[in-house]
Amino acid sequence: SQQGEEDPQALSIQEGENATMNCSYKTSINNLQWYRQNSGRGLVHLILIRSNEREKHSGRLRVTLDTSKKSSSLLITASRAADTASYFCATEQGQGAQKLVFGQGTRLTINP
Amino acid sequence: NAGVTQTPKFRVLKTGQSMTLLCAQDMNHEYMYWYRQDPGMGLRLIHYSVGEGTTAKGEVPDGYNVSRLKKQNFLLGLESAAPSQTSVYFCASSTYRGGTYEQYFGPGTRLTVT
């Protein structure tokens with residue numbers, strides 16, 4: 001079953017605006033990761049946030065994690081046309097194997 | 001480094017035919033995974049491996065078999081293909097390093113079963 005549910009399923013904004021995507025999950029996690037997928041390509045890791053962290057930054061990316069609400073958000077600031085892609089959250093549970101459970105993804109379109 | 005590679009990139013099968021998808025990684029990663037991606041479903045784990053000679057079932061293993069005879073290779077087999085196995089298949093690998101890890105994905109194999 002899908003662990004993460006992402007909201008919105010699709011988002012279209014103008015270049016330069018900020019994009020926010022949300023992810024909710026159901027069970028306790030070790031960490032939560034965000035991945036990007038360009039059309040027709042494999043997924044690329046963006047950022048990992050551990051269960052004991054609340055916020056993390058990487059360049060134009062900002063990720064928050066609220067374990068009490070079992071939710072995370074990904075903020076992309078000053079969006080660019082190249083940010084057009086699908087974004088997936090993935091949660092790791094349990095011990096070993098580094099298995100990830102992916103959400104259904106948010107399709108982000110940046111309009112020039 | 002080539003990273004994670006998958007062959008073939010595209011394949012069309014008739015119902016009942018068999019095939020093997022090959023995944024190779026040159027990063028010396030211990031863990032390898034096979035996922036399928038269907039429209040609107042995200043990625044679902046089929047099988048995974050925590051090391052050479054080991055395999056385990058994921059979320060949707062029925063109809064698939066896997067083998068990891070060499071650390072760098074992870075094979076996914078379809079014994080008798082069904083239309084429900086039409087999907088895009090992704091292989092990934094990972095290792096734990098420096099207190100963190102990430103999964104590295106191949107470019108995918110688009111499989112159509114008619």
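Before reading on, note that the structure itself is shown above.
Presented here is an overview of the structure given in this document.

Rules behind the numbers
Residues numbered from 1 in each chain as written. Chains lettered and ligands numbered in written order. Predicted model: local features only at pLDDT ≥ 70, side-chain atom pairs only at ≥ 80, totals over all residues. Heavy atoms only, no water. Helix = DSSP H or I, 4+ residues; strand = E, 2+ residues; numbered from the N terminus. Rg over C-alpha atoms; globule rule 2.2 N^0.38 Å. Pairing = 2+ DSSP bridges. Axes fitted to C-alpha atoms, helices over the stretch in contact; angles between N-to-C directions. Buried < 20%, exposed > 50% of the residue type's maximum accessible area, 1.4 Å probe, protein only. Contact = heavy atoms within 4.5 Å. Buried area = accessible area lost by both parts, 1.4 Å probe. Nonpolar A, V, L, I, M, F, W, Y, C, P; charged D, E, K, R; others polar.

The number of helices and strands found in chain B is zero helices and 11 strands. For chain B, the sequential pattern of α-helices and β-strands runs β-β-β-β-β-β-β-β-β-β-β. For a compact globule of 114 residues, the expected C-alpha radius of gyration is about 13 Å, and chain B comes in at 14 Å, within 12% of that figure. Overall size of chain B, expressed as C-alpha extent along the three principal axes, is 45 × 30 × 25 Å.

Residues and elements named next belong to chain B. With antiparallel pairing, four strands are arranged side by side in an open sheet as β1-β3-β8-β7. The sheet terminates laterally at β1 (4-7) and β7 (64-67), the two strands that pair on one side only. Sheet twist, expressed as the average angle between the axes of neighbouring strands with direction ignored, equals 20°. Examined bridge by bridge, β1 and strand β3 (residues 19-25) share four bridges and lie antiparallel to one another. Paired with Thr7 across the two strands is Leu22, which belongs to β3.

Turning our eyes to something else, we now look at the pairing of β7(B). Each regular strand displays side chains that alternate between the two surfaces of the sheet. Residue and element names in this part refer to chain B. Burial along β7 is one-sided: the residues Tyr64 and Val66 are buried and none of Asn65 and Ser67 is. Alignment of β7 against strand β8 (residues 73-78), held across four bridges, turns out to be antiparallel. The partner of Ser67 across the bridge, within β8, is Leu75. Hairpin connection between β7 and β8: a loop of five residues separates the two successive antiparallel strands.

What follows concerns the sheet that holds strand β7 (residues 61-66) of chain A. Residues and elements named next belong to chain A. The strand order across the open sheet formed by five strands is β1-β3-β8-β7-β6, and the pairing between neighbours is antiparallel. Looking along the sheet, the strands with just one partner apiece sit at the ends: β1 (5-7) and β6 (55-58). When strand polarity is set aside, the average angle formed by the axes of neighbouring strands in this sheet is 15°.

Okay, the interface of chain B and chain A next. With 25 residues of chain B in contact, the opposing surface of chain A contributes 22 residues. Carbon and sulfur atoms supply 48% of the area that chain B and chain A bury against each other, a total of about 1,800 Å² over both sides. Taken together, the elements giving at least two residues each to the side of chain B that touches chain A come down to β4 (31-38), β5 (42-49) and β9 (87-94) of chain B. The dominant element in the side of chain B that touches chain A, judged by the number of residues it contributes, is β5(B), at five residues. Of the residues that constitute the side of chain B that touches chain A, the class distribution is 13 nonpolar, nine polar and three charged.

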